[in-house]
Amino acid sequence: MSFNHIVVQNILRDKWTYVSYFLSSMFSIIIFFLFTVIVFHPSLASIDTDSTLGLALMLASLLVYLFSFIYITYSIMAFLKKKTKTLGIFMITGASMKQIRTLVFRENILIGVMAIITAIILGLVIAPLFLMGAKVVLKAETFGMYLPIKAIGLTIGLFLVLFVVISKIMTRFINKEASIQLLKSDAVIEKSLKPHYLLLFISIIISASLAYLLKINPDIVESLGVLYYTVFFISVLSTIYLVISQGMRFLLKTFERSSAYMQKTNMLLASNLNAKMKSHANMLFLITLLLSGVFLSTSILFSSYYNVKKDTEENYPYSFQYIADPKADVGKVAADVAYLEKQLSTVDSEKYFIEFKSNIDKRLGYMSVSNYNLLKNQKVSLNNDEFIAVAGNRKLLPITNTVEDHYLKNLKLASVDERNLLSTGFQQTYFIVPDHLYNSIDSPVYKTYLFELDNWTAHTELAKEVSGNMPSIYGERYVASKIELYDVEMFTKSVMFFIGSMLSLIFLSAALSILYFYLQTTLLQEKEKYVGIRKLGLSKKELFTVVSKELAILIFVPFAIAITMLFSTLFAMRAMVSTAFLQVSMVSSLCFFALFFGSYIFIRKSYFKRLLSN
């Protein structure tokens, strides 16, 4: 019998142990493969890799692969833990540690290769439906199926390397003494969690201080750069783990001293939690992190999708804006305006003609109060010694210090308008002055033609045609359209929305999969324990109650912690958080709760059935 034959037979004899490991690995690979199918799609080939969108796609791909690395590493660790007893049998029959490690390495590589091949085959089957969904989300005209050679090659290459590296490293953790001891004792007693309340307090103080520093002094944070965020990330992770582990220990000890401890099946539940406190704490920590990723992806990326229209109007207030340069040919300007009027004649629209003068060196605009009232559709009056400062850039306050301005130094500020007047960045600030003062200003004049269309978001094709035939030309004309900007931003945000959906799906599925894998690897030990307990007189109903409560803790405690973290963050940032952000967060939280509750009902029924099966 060859060594490879032993490897295959070992897998076949204990196939159900390997099935869980195989399925978890295959799941990770399918997710990565489908994501790369999107990333390398020909319809996205025009995206600049150095742009925000290109970097977002690259970062998301990296996150998916990093998640796969962590998830498969966890799966292998759980797999090795379950196989420890079997490995002990090989050891006492004379197998050396080198042979044991070679056996495990080849098993992992074989399972990994099978998972890669199966995942790619299933991925190719699922890909057309997946691309149809992506087409709807991205609002793409053509997003059909293609032969994803790059995606296949990258998936095979990266995951082969991943399985080789992880398998090589993890086999070094196989412990001969522990395997033989487990074989002899047939049970593993977990080490109990030690109290670390002082460490918890210090960790909370450090995390709170770093978070407060980010709020009160962003300049120091910016100067520290990656170092700050690395320390902050590690500190938050440590705090979350200590809160979960020490909180669980404290609550159990408190519960044991309460009167409820001796009622019904509470003593058995507390005993179960105490016996598996460390593994439960690790599981709660891992699921909490994954759910935090779900809520973060959902809230940030999804809410940005719903703010596109508002953000576009803040940048470009008008459907079409045509500004003629002071040096532009009058005849050319007239021809351009006539073209615009002809193109927009079939659409209900409002037309404005205004002008403003500019200090070109300082990019400061001067506009008469009459033109300002025309744009704003209002009746503002100014005294001869007053002016209004209006923003020229989105999210930048207008300049109000005019002591060095030749025309405004003797005027006083009447009011400040923080809303962007024309296309953001064309001028730093617009000063609204009385008409007689405007007429006396000796500066170049920019003639401006503005068109506002009804239902402007529905005219993207018209905007593309106009922009294609009439691009901006420095020194002649400056053309801008919020419709075209909206279309570009909608595509960008749609891709971000898609990334958020994918990451949410990945993290959510991982949380449920890891919980299932954890229950699967402890099933045999739990069955033996409950068989003994039932011999003492425990009914099925009482057993069901204990199992239900224990599963509820594993499922809903991480959910509650992640939700608390999300809304605590939103409360701390309440001045910066939009209404859409809050609405999306609340709705998504309710949807995820419903999903988790349904998962809890299904897992509880399935797990309890297998727990009582022979």
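For every chain, the first residue of the written sequence is number 1, and numbering continues from 1 along that sequence. In view of the model being predicted, local features appear only for residues whose pLDDT reaches at least 70, and side-chain atom pairs are presented and counted only at 80 or more, with totals across whole chains, interfaces and linings using the full set of residues. Hydrogens and water molecules were not included; the side-chain quantities draw on all heavy atoms of the structure.

Chemist: What should I look at first to understand the packing of aromatic side chains in this one?
Modeler: For any pair of aromatic rings, the description rests on two quantities: the centre-to-centre distance and the angle between the ring planes. Whether two aromatic rings pair depends on their centres lying within 6.5 Å, for rings of Phe, Tyr and Trp, where Trp uses its six-membered ring; planes under 30 degrees apart make the pair stacked, over 60 edge-to-face, and the rest tilted. For the structure on display, the rule yields 27 aromatic pairs. Aromatic side chains Phe 593 and Phe 597 sit 6.4 Å apart centroid to centroid with 25° between the ring planes, which places their arrangement in the stacked category. Taken together, the residues Phe 593 and Phe 597, both in helix α20 (residues 579–612) and 4 residues apart, mark about one turn of the helix. Think of it in three bands: residues with accessible area under 20% of the maximum for their type are buried, residues over 50% are exposed, and the middle band is partly exposed, with areas taken using a 1.4 Å probe on protein chains only. Taking the relative accessible area as the measure of exposure, Phe 593 reaches 39% and is therefore partly exposed. A relative accessible area of 42% places Phe 597 in the partly exposed class. Site record: aromatic cluster; members linked through ring pairs are Phe 295, Phe 556, Phe 559, Phe 592, Phe 593, Phe 596, Phe 597 and Tyr 600. Of note, Lys 357 hangs over the ring of Tyr 438, and the distance from its end group to the ring centre comes to 4.6 Å. Strands here mean DSSP runs of E at least two residues long; helices mean DSSP runs of H or I at least four residues long; both are numbered from the N terminus. Any Lys NZ or Arg CZ found within 6 Å of a ring centre and within 35 degrees of that ring's normal is scored as a charge over the ring.

Chemist: How should the packing of helix α16 (residues 460–469) against helix α17 (residues 482–521) be read in this particular structure?
Modeler: The axes of two packed helices give the description: the angle between them and the distance between them. Every axis corresponds to a line fitted to the C-alpha atoms, with the helix fit spanning only the stretch in contact, and the corresponding angles, defined between N-to-C directions, vary from 0 to 180 degrees. Contact pair α16 / α17: the axes reach a minimum separation of 8 Å and the direction vectors enclose 115°. Looking at the two axes, α16 sits roughly perpendicular to α17. Classified by chirality, the crossing of α17 by α16 is left-handed. Counting all contacts with α16, which are made through Thr 460, Ala 463, Lys 464 and Ser 467, the residues of α17 involved are Ile 483, Glu 484 and Asp 487. Split into classes, the residues belonging to the contact of α16 with α17 amount to 2 nonpolar, 2 polar and 3 charged. Roughly parallel means an angle under 35 degrees; roughly antiparallel means over 145; roughly perpendicular covers 65 to 115; every other angle is labelled oblique. We call a crossing left-handed when the near helix sits turned anticlockwise from the far one by less than a right angle, and right-handed when that turn is clockwise. By definition in these notes, contact holds between two residues if any of their heavy atoms fall within 4.5 Å. Polarity classes work like this: nonpolar for Ala, Val, Leu, Ile, Met, Phe, Trp, Tyr, Cys and Pro, charged for Asp, Glu, Lys and Arg, and polar for all others, with Gly in that last group.

Chemist: Just to check I follow, could you spell out the confidence of the model for the chain for this structure?
Modeler: Detailed reading of predicted coordinates is not advised where the pLDDT is low. The quantity known as pLDDT measures the predictor's confidence residue by residue, on a range of 0 to 100. Put simply, the chain has an average pLDDT of 78, and 84% of its residues get 70 or more. Note on residues 177–187: pLDDT under 50 across the span, and 18 contacts to partners over four residues away in sequence or across chains.

Chemist: What exactly am I supposed to notice about α16 here?
Modeler: Quick reminder: α-helices carry 3.6 residues per turn. Residues three or four places apart thus point the same way. Taken residue by residue, α16 has Thr 460, Leu 462, Ala 463, Val 466 and Ser 467 as its buried positions. The buried residues of α16 occupy an angular sector of 155° when projected down its axis, which confines them to one face. Facing away from the buried side of α16, by more than 90 degrees, are the exposed residues Gly 468 and Asn 469. In this fold, the buried residues of α16 make contact with β1 (320–324), α13 (330–343), β7 (445–453) and α17. It is the directions from the helix axis to the C-beta atoms whose arc is reported.

Chemist: What is the right way to look at unusual backbone geometry in this model?
Modeler: Peptide bonds are trans in most cases, and residues, glycine excluded, mostly fall at negative phi. Unusually for a residue other than glycine, Arg 363 sits at a positive phi of about 55°. Of note, Arg 363 is situated in the loop between β2 (349–359) and β3 (364–368).

Chemist: Just to check I follow, could you spell out the nonpolar core for this structure?
Modeler: As a rule of thumb, soluble globular proteins bury nonpolar side chains together. Only buried residues count toward a nonpolar core, which is a set of Ala, Val, Leu, Ile, Met, Phe, Trp, Tyr and Cys residues joined through side-chain atoms within 4.5 Å. Phe 159, Leu 291, Phe 295, Leu 519 and Val 547 are the most contacted members of the largest nonpolar core, which totals 94 residues. Take this core: its biggest share by element is 16 residues, from α17. Counting residues in each nonpolar core, the second largest holds 22 residues, with Val 308, Val 466, Val 479 and Tyr 486 among its members.

Chemist: Even after reading the chapter, I still don't get the environment of Glu 484, so can you show me in this structure?
Modeler: Relative to the helices and strands, Glu 484 resides in helix α17. In sequence terms Glu 484 and His 459 are 25 residues apart; their C-alpha atoms lie 8.9 Å from each other. N or O atoms closer than or at 3.5 Å make up a polar contact, with two conditions inside protein: a donor-capable atom paired with an acceptor-capable one, and, for residues adjacent in sequence, both atoms drawn from side chains. In terms of polar contacts, Glu 484 uses its side chain to reach the side chain of Ser 467, at 2.7 Å.

Chemist: What should I look at first to understand a nonpolar patch on the surface in this one?
Modeler: There is a patch of nonpolar side chains on the surface, built from Leu 59, Leu 62, Leu 63, Leu 66, Phe 69, Ile 70, Val 161, Val 165 and Ile 169 and spanning about 780 Å² of accessible area. Summarising the element assignment, Leu 63 is placed in helix α3 (residues 52–92). When its relative accessible area of 35% is taken as the criterion, Leu 63 is described as partly exposed. Patch construction takes residues with relative accessible area above 30% that form no salt bridge. Like charges are linked within 9 Å, and nonpolar side chains (Val, Leu, Ile, Met, Phe, Trp, Tyr) are linked within 5 Å. A 1.4 Å probe and the Shrake-Rupley method give the accessible areas. Residues count as covered only by the protein chains that appear here. Think of a salt bridge as a Lys or Arg side-chain nitrogen and an Asp or Glu carboxyl oxygen that are within 4 Å of each other.

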